[in-house]
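Per-entry structural report
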Amino acid sequence: MTVEAPVFEEAPPQVEPARGPMDWARKNLFNNWYNSLLTLALAALVIWALVALLRGLLSAEYEIIRANLRLFMIGEFPADQLWRPWAATYCFAVMLGMVGGSIAAGARDRASEAGLPYVRTTLRQVVIRFWPILALIAVILSFTTTVTPTLLTIGALVVGLGSYYLGRVLPRAVRRWTWLIAVVLIAASYISLAGFGGVGWQGWGGLQLNLFLTFAGLLVAFPFGLLLAMGRRSSLPVIRTISVGYIELVRGVPLITVLIAGAFAIGFIIPRDIRPGFVTRMLIAIIAFEAAYIAEVVRGGLQAVPRGQVEAAQAVGLAPWKTMRLIVLPQALRATIPAMVGQFISLFKDTTLVAVLGITELLEATFVVNSQTAYLGKGLFVVTLSFAALIFWVGCYTMSRESRRLERKLGVGER
Amino acid sequence: MTAVEETRHRPRLWRDVRVLRAVIQVLAGAAVLIILYVLWFNLTNNLRAAGLPTGFDFLTQPLGVDIPGSDISPSAPIWRGLLNAVKNTLALVVVGIPLLTLIGVLVGVARLSTNWLVAKAAGLYVEIIRNIPPLLIIFFVFNAVVLRFPVLQESLNISDLVIVNNRYLAMVGFTAQPNFGPFLAIIAVALLIAAGVWWWRTRRSEATGVPHHRFLWALGVFTILTLIGFVALGGPIGLSRPILDGRALEGGYTGLAAYWAVLAALVLYTASHVAEIVRGSILAVPRGQSEAANAIALTPFQRLRYVVMPQAMRIAIPPIISQYLNFTKNTSLAIAIGYAEMTRITFQLIGNGQPAPQMIFLLMGGYLIFSLIISLIVNVVNRRMQLVTR
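Residues numbered from 1 in each chain as written. Chains lettered and ligands numbered in written order. Predicted model: local features only at pLDDT ≥ 70, side-chain atom pairs only at ≥ 80, totals over all residues.

A few words now on the overall build of chain A. Within chain A, the secondary structure is distributed over 18 helices and zero strands. C-alpha extents for chain A along the principal axes are approximately 85 × 75 × 50 Å. Per-residue burial for chain A yields a buried fraction of 31% across its 415 residues. Taking the intrachain contacts of chain A between residues at least 6 apart in sequence as the baseline, contacts between residues at least 24 apart amount to 77%. (Helix = DSSP H or I, 4+ residues; strand = E, 2+ residues; numbered from the N terminus. Buried ≥ 20, exposed ≤ 12 C-beta atoms within 10 Å, placed from the backbone. Contact = placed C-beta atoms within 7 Å.)

Right, dumping it as structure tokens:
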């Protein structure tokens, strides 16, 4: 059997750098007949979509959003208590700024100790990284009717920036306690919302409730998820079976069924004199659901720690618990950060499901406003749903970009 | 050097690892059992106190709710309504999975196209749809698109092939004529002969080294035989056009608007995730593979079909199947726009006074069975692919 040598009819074309827009278009848009056809068809579609979008944007009635902006943002919060959400926002701005600043300072110190150059993140880079969020804030503020929210938002940004620089210049001894300051500030923001005659989370709504369910759900579920993940990797068969059983059972059902169970069945299985409020039951359901997913994320991180690390810890005589706490967990949790951001994104999207059970979070609010007498039957769903979609899109898109950046930075994907 | 001294004393009981392991496991097991028992105790007590049944006998009681788009009356037993709901969920899954695979793979490949516009357009679609909650997409498709279609009396009718209104979407369909049975037999025979041709081409290719083209051969033989059968039997399959008769649609394939809205929204959403997986998997194939394919002068299509795709698919298939699982679970979101699938019916029946714990147990059990089947498929696929490659 003879094998014929392949015959080259001509030398493979040399790739030349493009010389001007016409040349670029010929290489990247019209390099053969089917690509030319595709380009023309798609270009027609894109132009049509752009024109339709532009016409929609110009002709839409934005009054429905302008009149209901507060409902979208914070739900049915009493109008005379508006200082409370603002106070909470300022607490959060300080908290985020200080945590960011002290993380940056920590990185700077570690780099200088290791004798490595430290590249400072400039304000310009931050603006480039978070432009969708800044643009979203501008869009939301454009719907306000008075100038106060704009001034307050600018104030919050300035305060946040100031806290960032404060966090950077804090002496090391103080910086070790930043986590405590953060906890205190989070507690302060909750107290400013709910304490002394305010509104607890049962009465929250709008975007505020989506964010609360996401943050609280993930934070509370995290310790349970960690335990479940360690249980799943345990060498004790009973503990492993319990963990695997729980994780797989929860991961096999949709979140909405867990929420329905939280709404209608939790009351049957807990003692009758405990009656948590509706939002609390939703939160419990979300925590129970997320714990299983976080367990899988953490398990991935635990598996990424090389066995040699555990063996080395055993060789220097560390107890199993100390091996876990000092050697395995710090490395494993670092590796899970990108996946945790992914989990955050998917939970943020999933908090819309409580709308099905009638809680006025952001998505449900877009329906509530359409049944107001002024807008009933006008078919403004396109406007309100697009507004909500924009908010979710900006949040999820920015975070997924950040998670990809972290992945590159931590080198997680390169093993 | 001294010899290692042998220490043979037993450790004290509370330091003995074997004892500790046993004690911890017994304690954990007992704690879980006690918690489960307490919950069970509360459940039965509370159900009795509320005057609700504690068993599953209620499933034979009348349904009490009307199911849109089905002929099940409110007086039919509950279990029939639940079976219908399973059927409706399956209708979404069975149609949705092939569709989303097709769109996902096409878009994923398009994102890596050398055509700048194609790549950017595909990227735009993926980045927009992936970051919006699926429930919002369903609402958008239903409230902003489907509900804006004309009402039933003023249905949009495209030359009797497609009828669109805001309650139904009907398409021209096929109906079996009297001699459909013999035609099925002819199709079966044609399939057998095609398989034989496939086998013959494979053997010949192995023996002589000529390209086998077994797929084209088999397809050609099958098509010709089926066509001959179709003509000989005088058209065993007829067309059935949808007819708008007063308030009802008859003939053709008719689906509720809510069904099409959920299907379109979830297929678009899941396809964007599949596209990302496909793109990542293609990029994960080492560059040297493409370069080697170029070096032996394969055409771009051959390079994709025989070199890149087989390796990329090995990476892509497990995460894609887990997207199928997500799709199946997300069909529960149809509850929001009233398509009568499993979650919707359960929700309605609970609102109608049926016992919530049992209903939710059945609902979760149903989804668990779906999940179990899909993870079985994952395992089988994983094992087969490992055998094939290494």
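Looking now at the overall build of chain B. Within chain B, the regular secondary structure consists of 11 helices and eight strands. What you see for chain B is a C-alpha radius of gyration of 29 Å, clearly larger than the 21 Å of a compact globule of 390 residues, by over 25%. For chain B, the spread of C-alpha atoms along the principal axes amounts to about 90 × 75 × 45 Å. Expressed as a percentage of its 390 residues, the buried residues of chain B come to 29%. Here the contacts in chain B between residues at least 6 apart in sequence split such that 65% fall between residues at least 24 apart. (Rg over C-alpha atoms; globule rule 2.2 N^0.38 Å.)

Turning next to the interface of chain A and chain B. At the interface, 48 residues of chain A touch 49 residues of chain B. Those elements that provide at least two residues to the side of chain A that touches chain B are helix H2 (33-59), helix H11 (237-251), helix H12 (255-264), helix H13 (266-269) and helix H18 (381-410) of chain A. The biggest single contributor to the side of chain A that touches chain B is H18 of chain A, with 10 residues. Tallied by class, residues from the side of chain A that touches chain B come to 37 nonpolar, nine polar and two charged. (Nonpolar A, V, L, I, M, F, W, Y, C, P; charged D, E, K, R; others polar.)

Here we come to the environment of Ile 186 of chain A. Relative to the elements of secondary structure, Ile 186 of chain A occurs in helix H9 (residues 178-194). Once the C-alpha coordinates of Ile 186 of chain A and Ile 337 of chain A are considered, the two residues, 151 residues apart in sequence, prove to be 21 Å apart.

We note that Ala 297 of chain B has phi near 60 degrees; this positive angle belongs to a residue other than glycine. The residue Ala 297 of chain B is located in the loop between helix H8 (287-295) and helix H9 (300-330) in this model.

Residues and elements named next belong to chain A. The domain architecture assigned to chain A consists of domain 1 (64-199) and domain 2 (203-415). Using C-alpha coordinates to define each centre, domain 1 is positioned 23 Å away from domain 2. The interface of domain 1 with domain 2 comprises 15 residues on the first partner and 22 residues on the second. For the side of domain 1 that touches domain 2, the secondary-structure elements that each account for two or more residues are helix H3 (63-74) and helix H6 (131-141). Counting residues per element, the side of domain 1 that touches domain 2 draws most heavily on H3, which supplies seven residues. Grouping the amino acids of the side of domain 1 that touches domain 2 by side-chain chemistry returns 12 nonpolar, two polar and one charged. (Domains from an automatic or database assignment.)

Mean pLDDT over chain A stands at 83; residues scoring 70 or higher make up 94%. Looking across chain A, the model is least confident in helix H1 (residues 21-28) of chain A, with a mean pLDDT of 75, and most confident in helix H10 (residues 206-232) of chain A, with 91. (pLDDT = per-residue confidence, 0-100.)

Turning next to H11 of chain A. All names here are of chain A. For H11, which comprises 15 residues, the first-to-last C-alpha distance of 21 Å matches the rise-based estimate of 21 Å (1.5 Å per residue) to within 8%. All of the buried residues along H11 are Ile 239, Ile 242, Ser 243 and Ile 247. In an axial view of H11, the angular spread of the buried residues amounts to 120 degrees, which keeps them on one side of the axis. Seen from the open side of H11, the exposed residues pointing more than 90 degrees away from its buried face are Pro 237 and Gly 245. (Expected span 1.5 Å × (residues − 1). Arc of directions from axis to C-beta.)

With that out of the way, let us pick up the sheet that holds strand S8 (residues 253-256) of chain B. Residues and elements named next belong to chain B. Strand order in the open sheet formed by four strands is S1-S2-S3-S8, and the pairing between neighbours is antiparallel. The open sheet has two edge strands with one neighbour each: strand S1 (156-158) and S8. The average angle at which neighbouring strand axes cross in this sheet is 10 degrees, direction not considered. Summarising the sheet, S1 and strand S2 (residues 162-164) pair through three bridges and their orientation is antiparallel. Residue pairing across strands places Asn 157 opposite Ile 163, the latter belonging to S2. Strands strand S3 (168-171) and S8 of the sheet are contacted by helix H7 (residues 257-284), whose axis makes an angle of about 80 degrees with S8. (Pairing = 2+ DSSP bridges. Axes fitted to C-alpha atoms, helices over the stretch in contact; angles between N-to-C directions.)

Moving on: the packing of helix H5 (residues 180-208) of chain B against helix H6 (residues 214-232) of chain B. Residue and element names in this part refer to chain B. Between H5 and H6, whose axes approach to 8 Å, the crossing angle comes to 155 degrees. Of the possible angle classes, the one that applies to H5 and H6 is roughly antiparallel. Remark: the crossing between H5 and H6 carries right-handed chirality. Judged by residue contacts, Phe 183, Ile 186, Ile 187, Ala 190, Leu 191, Ile 193, Ala 194, Val 197, Trp 198, Arg 201 and Thr 202 of H5 engage Arg 214, Trp 217, Ala 218, Val 221, Phe 222, Leu 225, Thr 226 and Gly 229 from H6. (Parallel < 35°, antiparallel > 145°, perpendicular 65-115°, else oblique. Left-handed = near helix turned anticlockwise from the far one by under 90°.)

With that out of the way, let us pick up the nonpolar core. Ranked by internal contacts, the top residues of the largest apolar core, which has 140 residues, are Leu 259 of chain A together with Leu 136, Ile 138, Ala 258, Ala 261 and Val 262 of chain B. Looking at which element gives the most residues to this core, the answer is H7 of chain B, with 16 residues. Two domains each put at least three residues into this core: domain 1 (64-199) and domain 2 (203-415) of chain A. Formed by nine residues, the second largest nonpolar core is a distinct cluster that contains Cys 91, Val 94, Leu 185 and Leu 193 of chain A. (Core = buried A, V, L, I, M, F, W, Y, C linked by C-beta atoms within 7 Å.)

Here H7 of chain B spans 40 Å end to end across 28 residues, near enough to the 40 Å set by a 1.5 Å rise per residue. Taken across its 28 residues, H7 of chain B has 21 buried, putting it largely inside the fold.

In this structure, Glu 364 of chain A sits in helix H17 (residues 362-368). Glu 364 of chain A sits 24 residues away from Ala 388 of chain A along the chain, and the two C-alpha atoms are 9.8 Å apart.

Further remarks concern the pairing of S3 of chain B. Side chains on a regular strand alternate between the two faces of the sheet. Residue and element names in this part refer to chain B. Bridging between S2 and S3 involves three bridges; their strand directions are antiparallel. Bridge pairing in S3 links Val 162 to Met 171. Sheet analysis places S3 next to S8, joined by four bridges and oriented antiparallel. When the bridges of S8 are listed, Ala 170 appears paired with Thr 254.

What follows deals with the confidence of the model for chain B. Mean pLDDT over chain B: 83, with 93% of residues reaching 70 or higher. By mean pLDDT, strand S7 (residues 248-250) of chain B is the weakest element of chain B at 67, and H7 of chain B is the strongest at 91.

Residue and element names in this part refer to chain A. Packing of H10 against helix H16 (residues 320-350) leaves a shortest axis separation of 9 Å and a crossing angle of 140 degrees. Considering their axes alone, H10 and H16 lie oblique with respect to each other. Both H10 and H16 take part in a crossing whose hand is right-handed. Contact residues: H10 offers Asn 210, Thr 214, Gly 217 and Leu 218, while H16 offers Gln 343, Phe 344, Leu 347 and Phe 348. Taken together, the residues of the contact of H10 with H16 break down into four nonpolar, four polar and no charged.

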